[in-house]
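One-letter residues, chain by chain:
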Amino acid sequence: MFDSSSHAGSFPEQFRVKPGSSFRMDRIDPSATPGIDDKDRAREELAGLTKRLIHRQQLLYADNRQALLVVLQAMDTGGKDGTIRKVFGPLNPQGVRVCSFKSPSSEELAHDFLWRIHANVPRKGMIRIFNRSHYEDVLVVRVHNLVPTEEVELRYSQINEFEHYLSQNGITILKFCLHIGKDEQKRRLESRLERPEKNWKFSSADLAERQHWGEYQLAYQKALGACSTPWAPWHVIPSDHKWHRDYCVARIVLEKLESMDLKFPDPQPGLDQIIIGD
Ligand code: AMP
Ligand code: MG
């Protein structure tokens, strides 16, 4: 479970859902700011984290032996787009791809649920961000009974096995649930109605989904409890405060990249002998 004690260990650990735990979503306050509680300092430190992220991303790309997969899930308006812009926007676009998963097409529905996911995992050297993911197949699918319950129940272990397979093949996986409160969602939906430049983001479908808030929280609780593994941990980030969310995601991603064994490839021999002609 979410461990908020002062002896929680490393920074990421305080947000991590403990594997095999009986995780409770309602114990996590979405407006809390564990780890950093000052907005100006968080924005300042983010700038420093960003510089280090740019360096590590270049190294991941040059090393070209491993990849990083970042999974973002959240309720509507939860901040997936904002996190992508703020945390990953400054990186070299050559080394980062975003993949947004929408309602499956008829072609996708004609395959197993992980088919479209596997086709989009990162190649070596790349960072891939999933804006929604295979977790929709145990979230929206569960809340709306889109697939028989027995099939959905099988998916948790299928997801764990799939992610294990990826991790054994050079793909490091980090998963983030951007956790907002129902009141904060109301404010964000209202702002989409009120601000002309945000109108395009408003969808009545989000209001319909909002009616299922409680069922979604339970579906998240089940998915995160069942699928936080040592090889693909879930982090729950209290996200009512955008500055807190961005700082935490950036720091956890950076700490992971800095823990990976990455190096620039050896240069070709004899570089010091080469003279570039005029
Ligand atoms: P948005 O991210 O706001 O563009 O919305 C994408 C929509 O696609 C959301 O309503 C998701 O719930 C929906 N979606 C994504 N993946 C699936 C899935 N596997 N099954 C059903 N709906 C999905
Ligand atoms: Mg939406």
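Structure: above.
Just so we're clear, the structure is a prediction, and the values are computed from it rather than from any experiment. (Residues numbered from 1 in each chain as written. Chains lettered and ligands numbered in written order. Predicted model: local features only at pLDDT ≥ 70, side-chain atom pairs only at ≥ 80, totals over all residues. Heavy atoms only, no water.)

Q: Help me get a handle on the site of ligand 1, residues and values and all.
A: Residues in contact with ligand 1, as listed here, are Phe-101, Lys-102, Ser-103, Pro-104, Arg-116, Arg-132, Glu-136, Asp-137, Val-140 and Val-141. The contact in question runs from an oxygen atom of ligand 1 to an N or O atom on the side chain of Glu-136, over 3.1 Å. Expressed as a share of its isolated accessible area of 500 Å², the protein-covered part of ligand 1 is 73%. A majority-of-atoms criterion places ligand 1 in the largest pocket. Partitioning the shell around ligand 1 into residue classes produces four nonpolar, one polar and five charged. (Near = heavy atom within 4 Å. Polar contact = N/O pair within 3.5 Å; in protein donor to acceptor, adjacent residues only side chain to side chain. Areas by Shrake-Rupley, 256 points an atom, 1.4 Å probe, with all protein chains shown as cover. 1 Å grid on protein atoms, 1.4 Å probe; cavity = no way out; pocket = protein on both sides within 12 Å on 5 of 7 lines; lining within 4 Å. Sits in = over half its atoms within 2 Å of the grid points. Nonpolar A, V, L, I, M, F, W, Y, C, P; charged D, E, K, R; others polar.)

Q: Quick one: what's the story with helix H2 (residues 80-88), residue by residue and with numbers?
A: For the α-helix, the turn length of 3.6 residues means that residues three or four positions removed from each other point alike. For H2, the set of buried residues is Lys-80, Gly-82, Thr-83, Ile-84, Val-87 and Phe-88. Each element contacted by the buried residues of H2 is listed here: helix H1 (39-63), strand S1 (67-74), strand S2 (96-100), strand S3 (127-131), strand S4 (171-179) and helix H10 (242-259). (Buried < 20%, exposed > 50% of the residue type's maximum accessible area, 1.4 Å probe, protein only. Helix = DSSP H or I, 4+ residues; strand = E, 2+ residues; numbered from the N terminus. Contact = heavy atoms within 4.5 Å.)

Q: Talk me through a nonpolar patch on the surface; I want residue IDs and the actual numbers.
A: Together, Leu-271, Ile-274 and Ile-276 line one region of the surface with nonpolar side chains, adding up to about 320 Å² of accessible area. Mapped onto the fold, Leu-271 is located in the segment after H10. (Patch = residues over 30% accessible without salt bridge, like charges linked within 9 Å, V, L, I, M, F, W, Y side chains within 5 Å. Salt bridge = Lys/Arg side-chain N within 4 Å of Asp/Glu carboxyl O.)

Q: Got a sec to walk through the pairing of S3? Specific residues and values, please.
A: Most of S3 sits out of view: five of its five residues are buried. Because side chains alternate across S3, one face comprises the buried residues Ile-127, Ile-129 and Asn-131, and the other comprises Arg-128 and Phe-130, equally buried. Alignment of S1 against S3, held across five bridges, turns out to be parallel. Bridge pairing in S3 links Leu-68 to Ile-127. (Pairing = 2+ DSSP bridges.)

Q: Tell me what's going on with H1, and back it up with residues and numbers.
A: Compared with an ideal rise of 1.5 Å per residue, which puts 25 residues at 36 Å, H1 spans 35 Å between its outermost C-alpha atoms and is within 8% of the ideal. Among the residues making up H1, those that are buried are Ala-42, Leu-46, Leu-49, Thr-50, Leu-53, Arg-56, Gln-57, Leu-59, Leu-60 and Asp-63. Buried residues along H1 sit against S1, H2, S2, S3 and H10. Measuring from the side-chain oxygen of the N-cap residue of H1 to the backbone nitrogen of Asp-40 gives 3.4 Å; that N-cap residue is Asp-38. Backbone geometry just downstream of H1 places Asn-64 in the positive-phi region, at approximately 60°. (Expected span 1.5 Å × (residues − 1).)

Q: Describe the side chain of Asp-240, with residues and values.
A: Tracing the chain through its elements places Asp-240 in the loop between strand S5 (234-238) and H10. Reaching out from Asp-240, the side chain makes a polar contact with the backbone nitrogen of Gly-181 at a distance of 3.0 Å. Setting aside chain neighbours within four positions, we find Asp-240 in contact with Pro-30, Ser-31, His-179, Ile-180, Gly-181, Glu-184 and Arg-188.

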